[in-house]
Amino acid sequence: GEHAWDNIYPTGLNTGLVRFEDVLSGGLEQAVLDLETATVTLELQDGTDIQVRALAQENAFYVETETKPTMEKATDYLVDPVVGTDEATGYTYLTQEATDGTFDDPDVDPANVYMVSGGNAQRQIISVVTDRESDQPMEDARNMVTQLLDSDTAVEEHNQIWADYWAQSSVTLEDKELERWWYRMTYYVRTFSQADGDSVGLKAGFESLAGWHNSL
């Protein structure tokens, strides 16, 4: 039969790496994920905190720092991402475009991925748009960055979406590890999926098992 490593789909390919090395140069004390607001707080050894959100209302990362990240391609396996700078905006972009014949299978329809990064003195935005959701993905990715940099309500909108989501259900279980698992999985479902989007597999995420043993 076929070997799994010869048949990579539907596994996603890592498109690019976004690095905030200057931010973390002083050392990371810990990273804490607040499920209620879907916010990661990076607690640095110099006593400062940086909050990171994968916005609920847009396919974009919202990082509260003035330090600009670097962007680089993560792979050249089957695809060859391109990194560059948009002259009009100064934004950094990364594109991953699958050429004809990349996948020799009529059932495989890979998405072309477009990432754009831009920032100001308060925040850095990294947007992601594919050609499955837009006929002009690069333009939409640039516009998303601009709109979020200009917005004073993005975090408030994000928090309200999560508040409405968590208000729909809850559980209390005698097995507290299973209860924590339920909340993590409920968080993952809202993070990974949306109406009319691609279906996403879940991982059980039990605390005592490695991730690749937890597929559901």
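Residues numbered from 1 in each chain as written. Predicted model: local features only at pLDDT ≥ 70, side-chain atom pairs only at ≥ 80, totals over all residues. Heavy atoms only, no water.

A. Geometry of the overall build of the protein. Along its length, the protein carries 4 helices and 10 strands. Of the regular secondary structure in the protein, the N- to C-terminal order runs β-α-β-β-β-β-β-β-β-β-β-α-α-α. Residues classed as buried in the protein amount to 33% of the 216 residues present. Of the contacts formed within the protein by residues at least 6 apart in sequence, a portion of 48% connects residues at least 24 apart. (Helix = DSSP H or I, 4+ residues; strand = E, 2+ residues; numbered from the N terminus. Buried < 20%, exposed > 50% of the residue type's maximum accessible area, 1.4 Å probe, protein only. Contact = heavy atoms within 4.5 Å.)

B. Geometry of the sheet that holds strand E4 (residues 49–54). In spatial order, the strands read E2-E3-E4-E5-E10-E9-E8-E7; together these 8 strands make up an open sheet with antiparallel pairing. Sheet topology places strand E2 (28–34) and strand E7 (82–85) at the edges, where each strand pairs with a single neighbour. Each neighbouring strand pair of the sheet contributes to a mean axis angle of 15°, computed without reference to strand direction. Where helix H2 (residues 137–150) meets the sheet, it contacts strand E5 (60–63), strand E8 (92–96), strand E9 (113–119) and strand E10 (124–130), and its direction lies at approximately 150° from that of E10. Running at roughly 60° to E4, helix H3 (residues 154–166) makes contact with strand E3 (39–44), E4 and E5 of the sheet. (Pairing = 2+ DSSP bridges. Axes fitted to C-alpha atoms, helices over the stretch in contact; angles between N-to-C directions.)

C. Region of the structure containing the pattern of salt bridges. What the rule picks out here adds up to 5 salt bridges. The residue Glu21 makes a salt bridge to Arg19 at a minimum N-O spacing of 3.8 Å. Note that Arg19 is salt-bridged to Glu72, the shortest N-O span being 3.2 Å. Linking Arg19 in strand E1 (residues 16–19) with Glu72 in strand E6 (residues 70–73), this pair joins segments that are 53 residues apart in sequence. Exposure remark for Glu72: the relative accessible area of 32% places this residue in the partly exposed category. Bridged by salt links that share partners, the residues Arg19, Glu21 and Glu72 form one connected network. (Salt bridge = Lys/Arg side-chain N within 4 Å of Asp/Glu carboxyl O.)

D. Structural view of helix H4 (residues 176–192). Compared with an ideal rise of 1.5 Å per residue, which puts 17 residues at 24 Å, H4 spans 24 Å between its outermost C-alpha atoms and is within 8% of the ideal. Taken together, the buried positions of H4 are Glu179, Trp181, Arg184, Met185, Thr186 and Tyr187. Considering only its buried residues, H4 is in contact with E2 and H3. The opening residue of H4, the one whose side-chain oxygen lies 3.1 Å from the backbone nitrogen of Glu177, is Asp175. (Expected span 1.5 Å × (residues − 1). Polar contact = N/O pair within 3.5 Å; in protein donor to acceptor, adjacent residues only side chain to side chain.)

E. Spotlight on the packing of aromatic side chains. What the rule picks out here adds up to 7 aromatic pairs. Geometrically, the ring pair formed by Trp162 and Tyr165 is edge-to-face, given 5.5 Å between the ring centres and 85° between the ring planes. In this pair, Trp162 and Tyr165 are both assigned in helix H3, 3 residues apart and thus about one turn of the helix distant. When its relative accessible area of 2% is taken as the criterion, Trp162 is described as buried. (Phe/Tyr/Trp six-rings, centres within 6.5 Å; stacked < 30°, edge-to-face > 60°.)

F. Inspection of the side chain of Ser134 at higher detail. Examined against the element boundaries, Ser134 turns out to sit in the loop between E10 and H2. For Ser134, a relative accessible area of 9% corresponds to the buried category. Here Gln136 takes part through its backbone nitrogen, which lies 2.9 Å from a polar atom of the side chain of Ser134. Here Asp140 takes part through its side chain, which lies 2.5 Å from a polar atom of the side chain of Ser134. Sequence-distant contacts of Ser134, that is, excluding residues within four places in its chain, are made with Val129 and Asp140.

G. Representation of unusual backbone geometry. The residue Ala38 is not glycine, and still its phi comes out positive at about 50°. In this fold, Ala38 is placed in the loop between E2 and E3.

H. A look at the nonpolar core. If you look at the biggest cluster of nonpolar residues, it comprises 16 residues, and the most contacted ones within it are Tyr62, Val116, Ile125, Val145 and Leu148. At the level of elements, E5, E9, E10, H2 and H3 are the ones that each hand at least two residues to this core. Here this core takes 6 residues from H2, the largest share from any one element. When residues no more than four places from it in sequence are discounted, the contact partners of Val116 are Met71, Tyr91, Thr92, Tyr93, Ile125, Ile126, Ser127, Met138, Ala141, Arg142 and Val145. In this structure, Leu42, Val52, Met115 and Ile126 belong to the second largest nonpolar core, which totals 13 residues. (Core = buried A, V, L, I, M, F, W, Y, C linked by side-chain atoms within 4.5 Å.)

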